[in-house]
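Coordinate analysis (summary)
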Amino acid sequence: MTNSILDNVSLPAQKEIEVALRGQRELATVLSTKLETQIISIQDANDETHQIELPTSALTLLMKVLGELAEGNAVQVVPVHAELTTQEAANILNVSRPHMVKLLEEGKLPYHKTGRHRRVLFADLMRYKAQRESESNHAMQELADLSQELGFY
């Protein structure tokens, strides 16, 4: 069995949450989005300082990761072009694998086959998830408007 893209995800410990919060705040104060790259310094186990040039986009992503960790959330970076199994896709949507297969077979989500196995692109799954959330929010707003119109509070 191959390793899943979404394996080994664990919630951060309390110390990690605290460090992530401080790190996010400090990074936010010095990050300049006007530059394409920025140089950061890192100290190794021998107290030697190393300067590393990184793309600003990577530091911005790091700031978002630190924000999620600071809220106690597990974080995993998944390449946009990653291919997910039906089980991985189902886990992200919080649905059963058979329901996920049904969505694919009904054409609600594009997929391709690798041998006998269906694969879903992460980017396609995220588009579907965003569309589903948007439709859900729209329906909830319509219900709220209708209940207010009818005098239900």
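The structure contained in this document is the topic of the report that follows. Quantities reported herein were computed from a predicted structural model and do not represent experimental measurements.

The rules behind each value
Residues numbered from 1 in each chain as written. Predicted model: local features only at pLDDT ≥ 70, side-chain atom pairs only at ≥ 80, totals over all residues. Heavy atoms only, no water. Helix = DSSP H or I, 4+ residues; strand = E, 2+ residues; numbered from the N terminus. Polar contact = N/O pair within 3.5 Å; in protein donor to acceptor, adjacent residues only side chain to side chain. Contact = heavy atoms within 4.5 Å. Pairing = 2+ DSSP bridges. Patch = residues over 30% accessible without salt bridge, like charges linked within 9 Å, V, L, I, M, F, W, Y side chains within 5 Å. Areas by Shrake-Rupley, 256 points an atom, 1.4 Å probe, with all protein chains shown as cover. Salt bridge = Lys/Arg side-chain N within 4 Å of Asp/Glu carboxyl O. Buried < 20%, exposed > 50% of the residue type's maximum accessible area, 1.4 Å probe, protein only. Axes fitted to C-alpha atoms, helices over the stretch in contact; angles between N-to-C directions. Parallel < 35°, antiparallel > 145°, perpendicular 65-115°, else oblique. Left-handed = near helix turned anticlockwise from the far one by under 90°. Core = buried A, V, L, I, M, F, W, Y, C linked by side-chain atoms within 4.5 Å. Nonpolar A, V, L, I, M, F, W, Y, C, P; charged D, E, K, R; others polar.

**Focus: the side chain of T56**
With respect to the helices and strands, T56 occurs in helix α2 (residues 56-70). Within the structure, T56 has its side chain in polar contact with the side chain of Q38 (distance 3.4 Å). T56 has contacts with L31, S32, T33, L35, E36, T37 and Q38, leaving out every residue within four places of it along the chain.

**What about the pairing of strand β2 (residues 49-55)?**
When strand β1 (residues 37-43) meets β2, the two strands line up antiparallel, connected through seven bridges. Opposite I39, over in β2, you have E53 as the bridge partner. Between β1 and β2, which pair antiparallel one after the other, the connecting turn spans five residues, and D47 there sits at a positive phi close to 60°.

**A short note on a nonpolar patch on the surface**
Residues L146, L150 and F152 make up a contiguous nonpolar surface patch of about 330 Å² in total accessible area. Relative to the helices and strands, L146 resides in helix α5 (residues 122-149). You can call L146 partly exposed: its relative accessible area is 43%.

**Considering the packing of helix α3 (residues 86-93) against α5**
Put simply, α3 and α5 touch, their axes get as near as 11 Å, and they point 30° apart. Taken together, α3 and α5 sit at an angle that is classed as roughly parallel. The two elements α3 and α5 cross, and the hand of that crossing is right-handed. Residues A89, I92 and L93 of α3 pack against F122, L125, M126, Y128, K129 and R132 of α5.

**What to know about the nonpolar core**
Among the nonpolar cores identified, the biggest contains 15 residues, and L93, M100, L109, V120, F122 and L125 are the most heavily contacted of them. Sorting the residues of this core by element identifies α3, α4 (97-105) and α5 as the ones contributing at least two each. No other element matches α3, which puts four residues into this core. Not counting chain neighbours up to four residues away, the residues in contact with V120 comprise A82, E83, L84, A89, M100, L104, P110, Y111 and L125.

**Here's the deal with the packing of helix α1 (residues 14-30) against α2**
It is at 8 Å that the axes of α1 and α2 come closest, and there the two elements cross at 145°. When the axes of α1 and α2 are compared, the crossing they make is left-handed. Between α1 and α2, the residues in contact are I17, A20, L21, G23, Q24, L27 and A28 and L59, L62, M63, L66, G67, L69 and A70, respectively. Split by residue class, the contact of α1 with α2 holds 11 nonpolar, three polar and no charged.

**Notes on unusual backbone geometry**
Even without glycine at this site, D47 takes up a positive phi of about 60°. Residue placement: D47 occurs in the loop between β1 and β2. For D47, a relative accessible area of 57% translates into the label exposed.

**Quick word on the pattern of salt bridges**
Once the charged atoms of two side chains with opposite charge are near each other, the side chains can pair. As enumerated under the stated definition, the model contains three salt bridges in all. A salt bridge links R118 to E105; its shortest N-O distance comes to 2.8 Å. Taken together, the residues span a long stretch of sequence, with R118 in strand β5 (residues 117-121) and E105 in helix α4 at a distance of 13 residues. Exposure remark for E105: the relative accessible area of 45% places this residue in the partly exposed category. Linking R127 and D124 is a salt bridge whose minimum nitrogen-to-oxygen distance equals 2.4 Å. In this pair, R127 and D124 both sit in helix α5, three residues apart, roughly one turn of the helix.

Any link to function would need more than the numbers given here.
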